[in-house]
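# Survey of secondary and tertiary structure
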Amino acid sequence: QTEYAWLVDLWKKVTNRHSGLVLIQGEAGVGKTRLVEEFGRYAAIQGGRILQGRCYEFSGPLPYQPIAAALQTQITQIETQRLSLDEDWGIELAQLLPEIRLQWGNQSPSLPGNQGADRYRLFEAVAQFLRALAAKQPVLFFLDDLHWADVDTLDLLGYLVRRLATTPVLM
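The structure presented is a predicted model; accordingly, all values stated were derived computationally and were not measured. (Residues numbered from 1 in each chain as written. Predicted model: local features only at pLDDT ≥ 70, side-chain atom pairs only at ≥ 80, totals over all residues. Heavy atoms only, no water.)

This part takes up the pattern of salt bridges. Scanning all chains against the criterion turns up 9 salt bridges. Arginine 41 is paired through a salt bridge with glutamate 38; the nearest N and O atoms lie 2.6 Å apart. With arginine 41 and glutamate 38 both in helix 2 (residues 32-45), this residue pair falls 3 residues apart, about one helical turn. Classification of arginine 41 by relative accessible area gives partly exposed; the value is 44%. Glutamate 124 serves as the salt-bridge partner of arginine 163, at 2.8 Å between the closest nitrogen and oxygen. Of this pair, arginine 163 sits in helix 7 (residues 151-163) while glutamate 124 sits in helix 6 (residues 116-136), and the two are 39 residues apart along the sequence. Judged by relative accessible area, arginine 163 falls into the partly exposed class, the value being 35%. The network of salt bridges with shared partners includes Arg34, Glu38 and Arg41. (Salt bridge = Lys/Arg side-chain N within 4 Å of Asp/Glu carboxyl O. Helix = DSSP H or I, 4+ residues; strand = E, 2+ residues; numbered from the N terminus. Buried < 20%, exposed > 50% of the residue type's maximum accessible area, 1.4 Å probe, protein only.)

Before going further, it helps to examine the packing of helix 1 (residues 2-14) against helix 2. One way to put it is that helix 1 packs onto helix 2 with a least axis distance of 10 Å and a crossing angle of 40 degrees. Between helix 1 and helix 2, the interaxial angle falls into the category oblique. For the pair helix 1 and helix 2, the crossing hand works out as right-handed. Judged by residue contacts, Glu3, Tyr4, Leu7, Val8, Trp11 and Lys12 of helix 1 engage Leu35, Glu38, Phe39, Tyr42 and Ala43 from helix 2. (Axes fitted to C-alpha atoms, helices over the stretch in contact; angles between N-to-C directions. Parallel < 35°, antiparallel > 145°, perpendicular 65-115°, else oblique. Left-handed = near helix turned anticlockwise from the far one by under 90°. Contact = heavy atoms within 4.5 Å.)

Moving on: the sheet that holds strand 3 (residues 169-170). Taken in spatial order, the 3 strands line up as 1-2-3 in an open sheet, and their pairing is parallel. The two strands at the open ends of the sheet, each matched to only one other strand, are strand 1 (49-54) and strand 3. Both strand 1 and strand 2 (residues 139-144) contribute to a ladder of 6 bridges, which runs parallel. Looking at strand 2, one finds that isoleucine 50 is bridged to leucine 140. (Pairing = 2+ DSSP bridges.)

Next comes the structure, spelled out in structure tokens:
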């Protein structure tokens, strides 16, 4: 109850144009996921948009998989063009979400490795997408079992925390 109340207070700040990062740790089976799911229901009732991805122990070297999974739930927002997302960012975003390639003429490059400029464009495209979503309603971006995340996913998450500092997104 204490942690839930703390999350509710934090959500109230997020809805006033703040962002936040919460890391929840504890023994397996103690109720971490349940806590966030219950809080997610509260956030949804309060008008929030919920994005959820999961990291897996045996997913291998599949970079950005949990973030892509969370964003895939929002593809209909892109397809119906209810978001104001610049075409260049949409093309970059298609690296993670191949389903949207047709919308921008199948122009997207392949998923970048560690090349600086390519990686930056992908990271910024994800940030712009989340910013566009959050312009409509506050976002709860939940990545479960983050301890299993690959290095690239953690790098992208770190970028998003810094880049979305004044955006109503709670990660």
